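What the coordinates show
Here's the letter readout for the chains.
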Amino acid sequence: MSPDKGINFKTNRYWSGLFRHFGFRTTIHWLIESYFNLVLSPIPIIPGSFIRKTVYSLLLGKMGSEFFTSPGVKFLHSYKIEIGDRCSLNYGTILNGRGGLKIGNDFTTGPDVIVWTVEHNYSDKDRKILEQGEYDAPVEIGNDVWCGARSIILPGVKIADGTVIAAGAVVTKDTEPYSVVAGVPAKTISHRRTENKE
């Protein structure tokens, strides 16, 4: 098919370059993972969580105990995702491990949370974004972290122990321990405190 029929040959080279970059084994893992995301993601909550935990224990880099997932949860590049104990992923959560993703214990998400570890290069205005490639940047999430509904964690960020991320926040930089962050981009709005108990 000729270029005037809608084929972008540079875009095709971009995708083939990704396959060359990842290699055969990783590409096969990626295809299997994509199939499981399609088939397992919609299964209802109780049997689905058990089935997803069983299958993804084979695909994830590490999975702790008492792992729970709601329908709609998807993993991308799961072989580079490490998850601690007692973690719970709510409806529609997407974890992208391409740049490396480490999650501590007791991590909880609201619905539609996204954790992303890869980004496009775009600084050269004289070149199309798809021609500038991508870069990976790892994300680290500490213990006892809660991400509110539709919050997003971007590449290269470290989420400290005890952080609360408000609904809709976009986290672009590291957080402080036991902070509450909100907004776009997310900023610290308060800190968790110890309640006085009589």
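An account of the accompanying structure is given in this report. (Residues numbered from 1 in each chain as written. Predicted model: local features only at pLDDT ≥ 70, side-chain atom pairs only at ≥ 80, totals over all residues. Heavy atoms only, no water.)

1. Observations regarding unusual backbone geometry
How we decide: Helix and strand definitions here come from DSSP, where helices need a minimum of 4 consecutive H or I residues and strands a minimum of 2 consecutive E residues; each element is numbered from the N-terminal end. Think of it in three bands: with a 1.4 Å probe and only protein chains considered, a residue is buried below 20% of the maximum accessible area for its type, exposed above 50%, and partly exposed in between.
Following valine 184, the chain continues into proline 185 via a peptide bond in cis, with omega recorded as -5°. One can find proline 185 in the loop between strand S18 (179–182) and strand S19 (187–191). In this model, arginine 150 sits at a positive phi of 60°, which is unusual for a non-glycine residue. Relative to the helices and strands, arginine 150 resides in the loop between strand S13 (146–147) and strand S14 (152–153). When its relative accessible area of 59% is taken as the criterion, arginine 150 is described as exposed.

2. Some words on the packing of aromatic side chains
Rules: For this analysis, a ring pair means two rings from Phe, Tyr or Trp (six-membered ring only for Trp) whose centres lie within 6.5 Å, classed as stacked if their planes differ by under 30 degrees, edge-to-face if by over 60, and tilted for the remaining angles.
Under the defined criterion, the tally for this structure stands at 3 aromatic pairs. With centroids separated by 4.6 Å and ring planes inclined at 45°, the aromatic side chains of tyrosine 56 and phenylalanine 75 adopt a geometry described as tilted. Taken together, the residues tyrosine 56 in helix H2 (residues 45–59) and phenylalanine 75 in strand S3 (residues 74–76) connect sequence positions 19 residues apart. An aromatic cluster of three or more residues is present, and its members are Tyr56, Phe67 and Phe75.

3. Brief notes about H2
As a reminder of what qualifies: Given a helix with a known number of residues, its expected span is that number minus one, times 1.5 Å.
An ideal rise of 1.5 Å per residue puts 21 Å on 15 residues; H2 measures up with 20 Å between its terminal C-alpha atoms. Of all the residues in H2, the buried ones are Gly48, Ser49, Arg52, Val55, Tyr56 and Leu59.

4. Concerning the sheet that holds strand S15 (residues 158–159)
Strand pairs in the sheet, formed through backbone hydrogen bonds, run parallel or antiparallel to each other. What counts here: For two strands to count as paired, DSSP must find a minimum of two bridges between them.
What the 5 strands build is an open sheet, ordered S1-S4-S7-S12-S15; its pairing is parallel. Looking along the sheet, the strands with just one partner apiece sit at the ends: strand S1 (62–63) and S15. Both strand S7 (residues 101–103) and strand S12 (residues 139–141) contribute to a ladder of 3 bridges, which runs parallel. Residue pairing for S12: leucine 101 is matched across the bridge by valine 139.

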